[in-house]
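# Survey of secondary and tertiary structure
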Amino acid sequence: MTDIPAIDPMTTPAWEALDARADAFDPDLRAWFAADPKRAATWTRDAADLHVDLSKNLIDEDVLAELLALAEQTGVLDLRDRMFAGEHINVTEDRAVLHTALRRPAEDSLEVDGQDAIADVHAVLAKVYDFADRVRSGEWTGITGKPVETIVNVGIGGSDLGPVMAYEALKPFVREGLECRFISNIDPTDAGETTKGLDPETTLVIVASKTFTTLETITNAKVVREWFLGALRERGLATDEAGEKEAIAKHFVAVSTALDKVAEFGIDPNNAFGFWSWVGGRYSVDSAVGTSLALAIGPDGFEDFLAGFRAMDEHFATAAPSDNVPLLMGLLNVWYSNFLGADTHAVLPYSQYLHRFPAYLQQLTMESNGKSVRRDGAPVTYDTGEVFWGEPGTNGQHAFYQLIHQGTRMVPADFIAFANPAWPFKEGEKDMHELFLSNFLAQTKALAFGKTSEEVRAEGTPEHIVSARVFTGNRPTTSIMAPSLTPRVLGELIALYEHITFVQGAVWGIDSFDQWGVELGKVLALQILPAIEGDADALAGQDQSTKALIEYYRANRD
C-alpha cells in the first residue's frame with residue numbers, strides 16, 4: 001500500500017492564516033474592479049480550449065498566496081503526481097487511481113500492478129471502435145438482418161450518468177438514424193417508458209456493470225431481455241432456446257470484465273468490453289462505459305472526446321500553480337466551503353445540451369468528497385464535500401436565481417457558455433444566441449456588483465420597497481467559455497471538474513476514490529426484500545417504522 005501522509009489541514013500554518021483572514025474579510029467587488037482596471041485580465045486563465053474568468057470571485061492576491069500555500073502544505077501536487085504515476089492513492093481499497101490513463105496516447109506506457117495500463121486501454125478501445133464501425137456501417141445486424149437504429153444502455157451510477165450526459169451534450173454529433181436511450185432506475189417505470197415503442201429487430205442493448213452483479217443493472221437487464229424475447233416471440237421469432245440464444249447474441253453486448261457472468265446471462269463473451277479496478281464508475285465515461293457514446297458519435301468523435309480530457313490532464317499536470325485552473329478552482333471551493341460558510345455550489349450551463357451536466361457532477365463531486373474520515377482513519381473536524389446542483393440558464397433564472405441574488409446563503413456558482421451555438425436561430429433580425437449570452441453575462445454582473453439603495457431610489461422607486469429591490473452583490477461566480485460545445489471541449493470540461501474534485505479531496509486529506517457510503521443501503525435492501533415479499537420472520541425482524549411502512553404497502557398493493 002502506498003504510504004500517503006494524512007495531513008490534518010487545520011494544523012497547517014496556511015489554514016490558520018486563512019482562518020484569520022476570513023474573520024476580517026470584507027470583500028467589495030465594486031471597489032476592487034474600480035481600483036484595478038486590469039483585474040479581469042489578471043484573474044483570467046486559459047486551460048486548453050476553456051477561457052476561465054475568476055475575477056468575480058471573492059479573492060485577492062493575499063488570499064491566493066495563502067491558498068497556494070495550503071495546497072503545498074497539504075501535499076496536493078505531490079498526490080497529483082502520485083496519481084498520474086499509478087501509485088495506489090485509493091488507500092481504503094489499495095488501488096491505483098488511473099482514469100487519466102484512459103485518455104493517454106497509445107505510444108505511452110505505464111505499468112500498474114504488473115500490467116501496461118496504456119496498452120490494455122488501447123486494446124479495449126480498438127475493440128470498441130471496431131464494434132462501433134460495424135454497427136454504424138450496417139455490417140452488424142440483428143436477428144432479421146436489419147441494422148441497428150436504437151441503442152439501449154442499461155447501467156446505473158457512473159455507467160449511466162456519464163453516457164447519458166455526454167450523449168445529450170453531443171447530440172449534434174450523433175449519426176443520423178441512431179438513437180440512444182438509457183435505463184438506470186430500478187423503478188419499473190424507467191424500463192417501461194424506455195422500451196415503449198421500440199422495434200426489437202433494430203434494438204441493441206448494452207448492459208454496463210463491471211462485476212455484472214449490480215442489483216439495479218442486472219434486474220433491469222433481465223427485464224429488458226424478457227421484453228425483447230417476448231416481443232420477438234409475438235412476431236414468430238426466437239421461439240425456441242436456440243433462437244433465443246441467437247437473438248441475445250445479436251442484440252445484447254456487455255461492458256464488464258466478469259465474462260463468466262456475462263456468459264450466464266446469455267451474452268457472447270466476445271461481445272464484452274472490459275475496464276479495470278483502477279477506474280471508478282464516476283470516472284469511467286471515457287472508458288468502455290462510453291461504448292454507447294462511441295456508437296453514437298463514432299470512433300473519430302470519441303477520439304476527439306478523449307483528446308479533450310488529455311489536454312486538461314496535461315494542463316493540470318504541468319501548469320504553474322498560479323496558472324493552474326483546476327488547482328485554483330478547487331482551492332476557491334475550499335475557501336468558500338471552509339472559511340466563508342458556503343454549503344452548496346451551483347453549476348449553471350448556458351447550453352441546453354448540458355442539461356444533465358449538473359447531475360453528472362453531483363455524483364462526481366459528492367460521491368468523491370462526501371467523507372467524514374481522513375485517509376488515516378481519523379475523523380475530520382472540518383467541512384468536506386459541497387452540495388453540487390444546477391440547471392441550465394435561462395430556465396434557472398425563473399426558478400432559483402432569486403435565492404442566489406438576494407437570499408441569506410452565499411452560493412458560489414460556475415457559469416458555462418459557448419461563443420457559437422449549434423442552432424443559429426434568429427428572432428426577426430435579432431440573433432437568438434446573443435440574447436441568450438446577454439443573460440449569461442448579465443447574471444454574473446448582477447451577482448458581482450448588485451444594486452445599491454441609491455441606484456434603486458434614482459429609478460424613482462417608492463421608499464417603502466427600496467430595501468426589497470437592493471442587491472448586495474459580492475456573490476461569487478466563475479465564468480467558463482469556449483468557442484463551441486464539441487466532443488473535445490466536453491472532455492475538457494469533465495476533466496476540469498475531475499481535477500477540481502481531486503484538489504479539494506487532497507486538501508481535506510480524504511480518500512476521494514472510494515464510496516463505502518453507497519454500500520449500506522444496498523445490503524439492507526436485500527435484507528428487507530423478503531419482508532416485502534411476505535416473509536413473516538423477515539418482517540418481524542424490522543424496526544417499527546420499516547415494519548409499519550411494509551404493512552401499509554402490502555395492505556394497499558393491488
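Residues numbered from 1 in each chain as written. Predicted model: local features only at pLDDT ≥ 70, side-chain atom pairs only at ≥ 80, totals over all residues. Heavy atoms only, no water.

## Brief notes about the overall build of the chain
Helices and strands together make up the secondary structure of the chain, namely 21 helices and 15 strands. Relative to the 2.2 N^0.38 estimate, which gives 24 Å for 558 residues, the radius of gyration of the chain is 26 Å and therefore close to what a compact globule would have. If you line up the chain on its principal axes, its C-alpha atoms span 80 × 65 × 60 Å. Counting only residues that meet the buried cut, the chain has 51% of its 558 residues in that class. At a minimum sequence separation of 6, the contacts of the chain that also span at least 24 residues come to 74%. Accessible surface, the chain: about 24300 Å² in total, of which carbon and sulfur atoms supply 51%. (Helix = DSSP H or I, 4+ residues; strand = E, 2+ residues; numbered from the N terminus. Rg over C-alpha atoms; globule rule 2.2 N^0.38 Å. Buried < 20%, exposed > 50% of the residue type's maximum accessible area, 1.4 Å probe, protein only. Contact = heavy atoms within 4.5 Å. Areas by Shrake-Rupley, 256 points an atom, 1.4 Å probe, with all protein chains shown as cover.)

## Points about the UniProt feature "active site" (unreviewed entry) in the chain
According to UniProt, the "active site" (unreviewed entry) feature falls on Glu-367, His-398 and Lys-522. Across 156 residues in sequence, these annotated residues place their C-alpha atoms as far as 37.2 Å from one another, rather than forming a single compact spot. With respect to the helices and strands, the residue His-398 is situated in the loop between strand S11 (387–389) and helix H15 (401–406). Given the relative accessible area of 74%, His-398 is considered exposed. Here Lys-522 lies in helix H19 (residues 519–533). On the accessibility criterion, Lys-522 (38% relative accessible area) is partly exposed. (UniProt positions renumbered as here; feature names shortened; annotations may be inferred.)

## Side note on the packing of helix H1 (residues 13–24) against helix H13 (residues 325–339)
Between two packed helices, the angle of one axis relative to the other and the distance separating the axes together describe the packing. Their axes nearest at 11 Å, the elements H1 and H13 cross at an angle of 65°. Along this stretch, H1 crosses H13, giving a crossing that reads as right-handed. Contacts between H1 and H13 involve Trp-15, Leu-18, Asp-19 and Ala-22 from the first element and Trp-335, Asn-338 and Phe-339 from the second. (Axes fitted to C-alpha atoms, helices over the stretch in contact; angles between N-to-C directions. Left-handed = near helix turned anticlockwise from the far one by under 90°.)

## Here we look at the pattern of salt bridges
Per the stated rule, a full pass over the model turns up 28 salt bridges. With a closest N to O distance of 3.0 Å, Arg-80 and Asp-81 form a salt bridge. The exposure class assigned to Asp-81 is partly exposed, which follows from its relative accessible area of 40%. With a shortest N-O distance of 3.3 Å, Asp-108 and Arg-104 are connected by a salt bridge. Overall, the relative accessible area of 27% leaves Asp-108 in the partly exposed class. (Salt bridge = Lys/Arg side-chain N within 4 Å of Asp/Glu carboxyl O.)

## Here we look at the sheet that holds strand S12 (residues 413–418)
Sheet architecture is open: six strands sit in the order S1-S2-S15-S12-S10-S11, paired in mixed fashion. The two strands at the open ends of the sheet, each matched to only one other strand, are strand S1 (44–47) and S11. Between one strand axis and the next, the sheet turns through 20° on average, direction left out of account. Where strand S10 (residues 344–349) lies against S11, three bridges are found, and the strand directions are parallel. Looking at S11, one finds that Ala-346 is bridged to Trp-389. Sheet strands touched by H13: S1, strand S2 (50–53), S10, S11, S12 and strand S15 (477–482). Its angle to S1, the strand with the most contacts, is close to 130°. Strand contacts of helix H14 (residues 357–369): S10, S11 and S12, with the helix running at about 165° to S11, the strand carrying the most contacts. (Pairing = 2+ DSSP bridges.)

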